[in-house]
Amino acid sequence: MDGASTLVRIYKTFQALVRSASVIDLAAGLAAIWALRTAIQAIRKKFRTTKLRGPKSSSLLFGVGKELFRSPDTGAMLEAWSKEYGVAYEIPMICGQKRIILCDPKAIAYLFSRDTWSYVGIPGHKASQARTIGKGLIWAEGESHRRYGTTWQRRSIGPSFNSTAIRKSIPAIHKTVDKVKVAWEASIDANGGRSVVLDVQKCLDSFGIAGFSYNFGSLDGKPNSMISVLDTFGAPSSLNFWDNSVFLLSLVFPIVLNVPTSRGKILAKLRARLSEICDIIIDEAVKEKERASDDKTSTINLLLKAEDEDSSQRITREEMRILFIASYETTSITMTWALLELARHPDIQTKLREELLSFGGEPSYDQLVTGFPYLDAIVQETLRIHPAAPDLIRQADEDDVIPLSEPVQTKSGEVVDSIAVERGTVIGISISCINCSEAIWGPDAKIFRPERWLEADGVTRRAQEVKGYRHLLTFGDGPRSCIGKLFAIAEIKMLLAVLVKNFVLEMRDGPDTKVEMVMGIILRPKIAGEDGIKVPLRIRQHKG
């Protein structure tokens, strides 16, 4: 009997069984098939995923998720677990979900090299992003990211952030910094030349001008709805237990985002304000282009120019929202951290001022890049200690084996130098942990010490294994690495060059003032124990 006739006979037998079966029999049969399929999948996953050691769950529903969410320093928590369980371990998360944490430079470099293909964003994060800033370049995965993301970046966004474009933007950046300088001088003059206390984070909102020709108006004392929303989002009192619980559950069940919460209302307002601002930015840029104004060198003008050169590429409102948030929020908060660290370390501030005063005139872009080694060291140390995004979460889109630079012990006691991951496995990389890991950066990893970037062995051999920009994960790595990093660094350097040369910065209540972090769109600094998210520093004019 041949194979074809055998299949026909099996099919007819199956048909006869189905026709003779009752609804209950069919339901029972389908239930049995589903149970068998589930069991097979569980067994398959059990054999295909390396079972790693890790901390025990502290909550039946949330695992260790709430501990991490509430911790003032999640990077330190994850580093402590890595000391106990090795460079790769497993933590229990929401609703029984497991997450593999990688603290190994080799494993992280491997994952980044396969980002958007073998490893993609988790549904909860993508859904949250879509509700806040929409679907766009960050949303794209796999083939769509290659066609849409990488090509669009290279042709349209890339030229707006390369060295040539930044050189052209330096006058606009300097003009923005000068607005901050003039505003600070006016405040000091109004106080009879004495020192004043200013909220530096509010002062730095003006950097929307340099990137996108949009004036928040903060330095002029004008209210701005966008900044009000961001401040509300970052204020710890605005979110309660219900908001935090819904947010954690949404990481596993994105549909939970539809549940009404205070956080959801704030996100809706943020999206509305972002849309309004992006409409204004694009409309104004189009008018400038029609006036054939050649002296406009903001990012949005360069993007519109790229559209002219490649008519097949069009920047969308969603892409504008992503670029605007990246330009405003991450850069201004990193600047705030830099000023805070200088205020907390007067000796470092004095040394930087001496370097800046030894140079006459306004520095060019090339001089900012290579002419101020201590300024560069301070910026790199700020980026190391205070990354804008504290972690990165990915999900395996296919079965894979991740190599490790050092062996780890599994739950069974076996020692392995690679870990197998099943499709659907969630993997976490703590940027704040890797950037400040004592195992990677040495015993002084938690200390703000710019000199490490100037010493021959300041960046340890282990740190040199980290493949990100300047051996940091602050800007990510791989296909999704931050395309605007050089522009952001130029802005930060120009701000510090002008302000530190002209002003002395001090903590309002002394150098031992405690600073804590709260989560807004990204981590924001605030004075510990005080309401709101203001960062008040005492400013006085430098009289050298």
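You'll find the structure just up there.
Since the model is a prediction, treat every value here as computed from it, not as a measurement. (Residues numbered from 1 in each chain as written. Predicted model: local features only at pLDDT ≥ 70, side-chain atom pairs only at ≥ 80, totals over all residues. Heavy atoms only, no water.)

Some remarks on the packing of helix H18 (residues 373-385) against helix H21 (residues 485-502)
Here's step 1: At a closest axis distance of 10 Å, the pairing of H18 and H21 adopts a crossing angle of 120°. When the axis of H18 is compared with that of H21, the two are oblique. Of the two elements, H18 crosses H21, and the hand of that crossing is right-handed. Between H18, through Leu375, Asp376, Ile378, Val379, Gln380 and Leu383, and H21, the contact on the second element is made entirely by Ile489, Ile492, Lys493, Leu496 and Ala497.
Here's step 2: Split by residue class, the contact of H18 with H21 holds eight nonpolar, one polar and two charged. (Axes fitted to C-alpha atoms, helices over the stretch in contact; angles between N-to-C directions. Helix = DSSP H or I, 4+ residues; strand = E, 2+ residues; numbered from the N terminus. Parallel < 35°, antiparallel > 145°, perpendicular 65-115°, else oblique. Left-handed = near helix turned anticlockwise from the far one by under 90°. Contact = heavy atoms within 4.5 Å. Nonpolar A, V, L, I, M, F, W, Y, C, P; charged D, E, K, R; others polar.)

Here's the deal with the sheet that holds strand E9 (residues 503-507)
Here's step 1: With respect to topology, three strands assemble into an open sheet ordered E4-E12-E9, the strand pairing being antiparallel. Of all strands in the sheet, those bounded by a partner on one side alone are strand E4 (196-199) and E9. Averaged over all pairs of adjacent strands, the angle between their axes in this sheet comes to 40°, without regard to strand direction.
Here's step 2: Note: E9 against strand E12 (residues 536-541), five bridges, orientation antiparallel. Bridging from a neighbouring strand, leucine 505 pairs with isoleucine 539 of E12.
Here's step 3: Along the sheet, H21 makes contact with E9 and E12, crossing E9 at roughly 90°. (Pairing = 2+ DSSP bridges.)

What about the packing of aromatic side chains?
Here's step 1: Scanning the model with the defined rule gives five aromatic pairs in all.
Here's step 2: Centre to centre, the rings of tyrosine 85 and tyrosine 89 are 6.3 Å apart; their planes meet at 45°, and the pair counts as tilted.
Here's step 3: Residue classification places tyrosine 89 among the buried residues on the basis of a relative accessible area of 0%.
Here's step 4: Positioned above the aromatic ring of tryptophan 441, the side-chain terminus of arginine 384 is 5.3 Å from the ring centre. (Phe/Tyr/Trp six-rings, centres within 6.5 Å; stacked < 30°, edge-to-face > 60°. Buried < 20%, exposed > 50% of the residue type's maximum accessible area, 1.4 Å probe, protein only. Lys NZ or Arg CZ within 6 Å of the ring centre and 35° of its normal.)

A word on helix H4 (residues 74-85)
Here's step 1: Between its first and last C-alpha atoms H4 spans 16 Å; for twelve residues at 1.5 Å apiece the expected length is 16 Å, and the two agree.
Here's step 2: Buried positions along H4 lie against helix H3 (65-70), strand E1 (88-92), strand E2 (98-102), strand E8 (426-430), helix H19 (431-435) and helix H20 (438-441).
Here's step 3: Between the side-chain oxygen at the start of H4 and the backbone nitrogen of glycine 75 there is a gap of 3.3 Å, and the oxygen is on aspartate 73.
Here's step 4: The positive-phi residue at the C-terminal boundary of H4 is glycine 86, with phi of around 105°. (Expected span 1.5 Å × (residues − 1). Polar contact = N/O pair within 3.5 Å; in protein donor to acceptor, adjacent residues only side chain to side chain.)

Focus: the pattern of salt bridges
Here's step 1: Tallied over the entire structure, the rule returns 24 salt bridges.
Here's step 2: Among the salt bridges present, the one from arginine 470 reaches aspartate 376, with a minimum N-O distance of 2.9 Å. Of this pair, arginine 470 sits in the loop between H20 and H21 while aspartate 376 sits in helix H18, placing them 94 residues apart in sequence.
Here's step 3: Looking at arginine 470, the relative accessible area reads 30%, which means it is partly exposed.
Here's step 4: Judged by relative accessible area, aspartate 376 falls into the buried class, the value being 13%.
Here's step 5: Note that aspartate 376 and lysine 493 form a salt bridge whose closest N and O atoms lie 2.8 Å from each other. (Salt bridge = Lys/Arg side-chain N within 4 Å of Asp/Glu carboxyl O.)

Here's the deal with the pairing of strand E6 (residues 400-409)
Here's step 1: Bridge count between E6 and strand E7 (residues 415-421): six bridges; the pairing is antiparallel. Note on E7: the bridge partner recorded for valine 401 is alanine 420.
Here's step 2: Where E6 folds back on E7, the antiparallel hairpin that results is connected by five residues, among which glycine 413 adopts a positive phi of roughly 95°.

Considering the environment of isoleucine 188
Here's step 1: With respect to the element layout, isoleucine 188 can be found in helix H8 (residues 163-190).
Here's step 2: Discounting chain neighbours no more than four positions away, the residues touching isoleucine 188 are Gly193, Arg194, Val196, Phe503, Ile539, Arg540 and Gln541.

Description of unusual backbone geometry
Here's step 1: Positive phi is not limited to glycine here, since cysteine 95 has a value of about 55°.
Here's step 2: Tracing the backbone shows cysteine 95 in the loop between E1 and E2.
Here's step 3: A positive phi is found at arginine 470, a non-glycine position, where the angle reads about 55°.

Observations regarding the nonpolar core
Here's step 1: Leu102, Trp184, Leu339, Leu375, Leu496 and Ile539 are the most contacted members of the largest nonpolar core, which totals 106 residues.
Here's step 2: Counting residues per element, this core draws most heavily on H21, at eleven residues.
Here's step 3: Ignoring sequence-local partners within four residues, the contact set of leucine 496 consists of Ala338, Leu339, Leu342, Leu356, Leu375, Ile378, Val379 and Lys501.
Here's step 4: The next biggest cluster of nonpolar side chains, apart from the first, holds six residues, and it includes Leu270, Leu274, Ile277 and Ile281. (Core = buried A, V, L, I, M, F, W, Y, C linked by side-chain atoms within 4.5 Å.)

Comments concerning the sheet that holds strand E3 (residues 119-120)
Here's step 1: The strand order E1-E2-E8-E5-E3 describes an open sheet built from five strands, whose pairing is mixed. Each of the sheet's edge strands pairs with one partner strand only, and the pair in question is E1 and E3.
Here's step 2: Two elements, E3 and strand E5 (residues 391-396), share two bridges in a ladder whose sense is antiparallel. Each residue of the ladder has a partner; that of valine 120, found in E5, is glutamine 395.
Here's step 3: Most of the contacts of H4 go to E1, to which it runs at about 120°, and overall it touches E1, E2 and E8.
Here's step 4: Strands in contact with helix H5 (residues 105-113) are E2, E3, E5 and E8; relative to E8, the strand with the most contacts, it is inclined by about 120°.

From the geometry alone we can't say anything about function, so treat these as descriptive.
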